Structure formats: structure tokens, C-alpha cells
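Read off the chains here:
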Amino acid sequence: MGDATVTTREGPEEAVPHSVAERAGPGLLRRLRTPRRPRLWFEILLIAVSYWTYSLIRNAVPEQRAEALRNADWLWRLEHSLGIAVEESVNHAVNGATWLIVGMNYYYATLHFVVTLAVLVWLYRRHSGRYAATRLVLFATTGVALVGYYLYPLAPPRLMTNTGFIDTVLAHDTWGSMASGDLKNMSNQYAAMPSMHIGWSVWSGLTIFALARTPWVKVLGLLYPAATLVVIVATANHFWLDAVGGLICLAFGYGVARLWYGALPYRLPRVVPARTGAVSPGAGVRQVPVAAAEEENEPVPARTSPGP
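Given the structure is predicted, the values throughout are model-derived calculations rather than measurements.

Caption draft 1: Up close: the overall build of the protein chain. Across its full length, the protein chain carries 11 helices and 2 strands. Each helix (α) and strand (β) of the protein chain, taken in turn from the N terminus, gives the series β-β-α-α-α-α-α-α-α-α-α-α-α. In the protein chain, which comprises 308 residues, the proportion classed as buried is 46%. Accessible surface computed for the protein chain: about 15,400 Å², of which carbon and sulfur atoms make up 65%.

Caption draft 2: Region of interest: the side chain of threonine 207. Its place among the elements puts threonine 207 in helix H9 (residues 196-211). Of the polar contacts made by the side chain of threonine 207, one reaches the backbone oxygen of tryptophan 203; its length is 2.8 Å. If near-sequence neighbours (up to four positions away) are discounted, threonine 207 is found in contact with Val119, Trp122, Leu123, Thr134, Ala212, Tyr254 and Tyr266.

Caption draft 3: Looking closely at the packing of helix H6 (residues 98-126) against H9. Where H6 meets H9, the axes come as close as 10 Å, and the angle between the chain directions of the two elements is 35 degrees. At the point where H6 passes H9, the crossing takes the left-handed sense. Residues Tyr108, His112, Phe113, Val115, Thr116, Val119, Leu120, Trp122 and Leu123 of H6 pack against Met196, His197, Trp200, Trp203, Ser204, Thr207, Ile208 and Leu211 of H9. Here the contact of H6 with H9 is composed, by residue class, of 12 nonpolar, 5 polar and no charged.

Caption draft 4: Representation of H9 within the structure. Here H9 is 16 residues long and its end C-alpha atoms lie 22 Å apart, about the 22 Å a rise of 1.5 Å per residue gives. Counting buried residues in H9 gives 13 out of 16 residues, a clear majority hidden from the surface. Looking at where H9 begins, the residue whose side-chain oxygen comes 3.4 Å from the main-chain nitrogen of histidine 197 is serine 195.

Caption draft 5: Structural context of the side chain of histidine 112. Checked against the element boundaries, histidine 112 lands in helix H6. The buried category is assigned to histidine 112, whose relative accessible area is 8%.

Caption draft 6: Main features of the packing of aromatic side chains. Evaluated as defined, the whole model comprises 6 aromatic pairs. Arranged with centres 5.2 Å apart and planes meeting at 65 degrees, the rings of tryptophan 76 and phenylalanine 165 form a pair that is edge-to-face. A residue pair is termed long-range when its members are at least 10 positions apart, and tryptophan 76 in helix H4 (residues 65-82) and phenylalanine 165 in the loop between helix H7 (128-151) and helix H8 (168-172) qualify at 89 residues. Ring centres of tryptophan 76 and phenylalanine 239 lie 6.0 Å apart, and the angle between their planes is 40 degrees; this geometry places the pair in the tilted category. Of this pair, tryptophan 76 sits in helix H4 while phenylalanine 239 sits in the loop between helix H10 (215-234) and helix H11 (240-261), placing them 163 residues apart in sequence. Counting every residue linked through ring pairs, the aromatic cluster contains Trp76, Phe165 and Phe239. Over the face of the ring belonging to phenylalanine 139 we find arginine 135, whose NZ or CZ atom lies 5.8 Å from the ring centre. One residue, lysine 218, lies across the ring of phenylalanine 209, its end atom 5.1 Å from the ring centre.

Caption draft 7: Spotlight on H6. The end-to-end C-alpha distance of H6 is 39 Å, a good match for the 42 Å that 29 residues give at a rise of 1.5 Å each. Of all the bends found along H6, the most pronounced is centred on threonine 110 and spans about 45 degrees.

Caption draft 8: Up close: the pattern of salt bridges. Throughout the structure, instances matching the rule amount to 1 salt bridge. Across the pair aspartate 167 and arginine 158 runs a salt bridge, and its minimum N-O distance is 3.5 Å. Given a relative accessible area of 12%, aspartate 167 falls into the buried group.

Caption draft 9: Structural detail: unusual backbone geometry. For the bond from methionine 193 to proline 194, the omega torsion is 0 degrees, close enough to zero to count as cis. Despite not being glycine, aspartate 173 shows a phi value in the positive range, around 50 degrees. Note that aspartate 173 resides in the loop between H8 and H9. When its relative accessible area of 72% is taken as the criterion, aspartate 173 is described as exposed.

Thresholds, definitions, all that
- Residue positions are counted from 1 within each chain, in the order its sequence is given.
- Per-residue local features are limited, in this predicted model, to residues with pLDDT of at least 70; the limit for side-chain atom pairs, both in listing and counting, is 80 or more; totals at the level of whole chains, interfaces and linings are taken over all residues.
- Side-chain numbers come from the whole structure's heavy atoms, not from hydrogens or water.
- Helix numbers and strand numbers start at the N terminus; a helix is a DSSP run of H or I with at least 4 residues, a strand a run of E with at least 2.
- Buried, partly exposed and exposed residues are distinguished by accessible area as a fraction of the type maximum, computed with a 1.4 Å probe on protein chains only: under 20%, between the cut-offs, and over 50%, respectively.
- Throughout, the Shrake-Rupley method with a 1.4 Å probe supplies accessible areas, and for residues the shown protein chains are the sole cover considered.
- Definition of a polar contact: a pair of N or O atoms within 3.5 Å, with one able to donate and the other able to accept a hydrogen when the atoms are protein atoms, and with sequence-neighbouring residues admitted only if both atoms are side-chain atoms.
- The contact criterion used throughout is that any non-hydrogen atoms of two residues lie within 4.5 Å.
- With axes taken as lines fitted to C-alpha atoms, and helix axes fitted only over the stretch in contact, angles between N-to-C directions fall between 0 and 180 degrees.
- By definition, any crossing whose near helix is turned counterclockwise from its far helix by less than a right angle is left-handed, and any crossing with a clockwise turn is right-handed.
- Amino acid classes used here: Ala, Val, Leu, Ile, Met, Phe, Trp, Tyr, Cys and Pro are nonpolar; Asp, Glu, Lys and Arg are charged; the rest, including Gly, are polar.
- Take the number of residues in a helix, subtract one, and multiply by 1.5 Å to get its expected span.
- For Phe, Tyr and Trp, where Trp contributes only its six-membered ring, two rings pair if their centres lie within 6.5 Å, and the inter-plane angle classes them as stacked under 30 degrees, edge-to-face over 60, or tilted in between.
- Charges are assigned to positions over rings by a cutoff of 6 Å between ring centre and Lys NZ or Arg CZ, combined with an angular limit of 35 degrees from the ring normal.
- Each residue is assigned a bend, namely the angle between axes fitted to the seven residues that terminate at it and the seven residues that start at it.
- Each salt bridge in this description consists of a side-chain nitrogen of Lys or Arg and a carboxyl oxygen of Asp or Glu lying within 4 Å of one another.

Put into C-alpha cells, the structure is as follows:
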């Protein structure tokens, strides 16, 4: 008997990821590892609680100032030995253009959250079958970053005492960093490694590039993390190697999702069926489930041809 398929604008794809479900094992574990349509109320609650927990844990990590500054000095010397210690030059060059650095301050403070949430909403609405797995990447990335904050306190370049880095938020009296000015007591100032600005922006950029259909949107997806890298360095909030730490955390997140779902998130079915069909007795034709994703102009699953 033929397998159920769904016809989408991306081409035919399986209505249920059989390979994932079959490897997942019986019972509860199998149900947990099978992609399903997300529930809005649950996702809002989960994201809110998760971010609150992340902020609570990150800010509860002891602000080990002396150790964080020693680590920053060591990292700065390491970058000099590698020939990549150009952060101070970039910081001073961009600081000379007031309109540019002020824009970067606000970019640093806002887009980190706005773009990430926007990508999550887009996934929820347009890629329900891939939403949970892609969200798992983000959550696992953020979770392992918390371990880094605890084990390796690191001062950002702008707080180093023996260099000429400029704290651009203070210099231009802008709201652009939770660790500068009047907001410095609301955030752990010594949690620069790894950079979640990079971890989250690369997650957003890869997701957009992999799933968007419009070429210029794909390009924007690639440009976003590149622009974020320039911003975190120009504002003296991170070293280059903080960005490398963010990428390592992101790789860990993708590894967790790959192990759990048996495939990378972007290779899972785009549409998750709302109900399964049944085989009519003696008919020899299998009815394919009609996806609940008919909302938002999603394509209706096609019927399969009669089985042998």
C-alpha cells in the first residue's frame, strides 16, 4: 500500500516523518519525538518562562570581576598572538561616525530579541512541522551558554582597564546595553562568553536562508548575523572569540535536535497533519490526512494512488 504524501509548494513530502517515528521507540517517547502542530498558548507560555529563567540564571552567576578581567586580558593577548586583535581599531573607527554608532547601540539592544521572536512566529505560522525542532535548537544553544557564563566569567572589552576601548553607550548617552549606564545593575556585566547575540542571530539567519523562498529574503538571512558580528565588536561588547563561542553553542543545539528528531530541523516535513485517515475495507486506497495547515493558505494534502 502506498505511503501518505502531502503536496506542497516545495514539492511532495511525507505527511508523517515515518523514519523519525519508527526510530523513536514506542509509547510516550515516540509521541514526544514525533513532530506535531504547536499550540499557541503553550508556546507563548514556554517562551516567556524560558526567557525569564535564562535571565534569572544568567544574572545569578557570580560577578567575579577580578577573574573576568584576568580572562579578558588573557583572551586579548591570545587574539594578538593569532593576529586577529583588531576590535579596538574597529571600535574607534565606527565611534567616529556618530549616526552609525548610535544606530549600532540601538541595534545591539533591540534586534537581538525582535528578530529572534519574529522568526519563531514565522516558523509557527508557516512551518509547523519544523517549529518544535528548530525551537529546540534555540533552547539547547541558550542552555549550554549558561554553563559557559558560569564556568568562564569574561569582561567585555569596554570594561577592560588597561586598553583604550570606548563604551559607546556611555560615550553617546544612548540606551543600547543592559550592562552600561543606569541599567548596569540589571544584568551580569561579566557574561560575555559565549555571545548569544551571535548564537541567536546565526540561528535566525540559517533558518531564514534554509526555509525562505524569496532570494532577497535568503540574502537578508545571511547578512543579519554578519551585521550582528560587526555591531558586537564595534560597540566593544564582545571579542571575536566570543562569537566563536556562540557558534560552538549553536552547533551543540543543532546536534541535540538532530539526535532527538533523527534529522536536522529543516529536513523535517513542513506540514504536520491534524488527523490521520483510514483505509476503507476492501477499497485498497489509503486516504491521506487533511492537514490543519489549510489555514494560512496551506496546500491540501493529495490522495495517494491505490496500493498494490
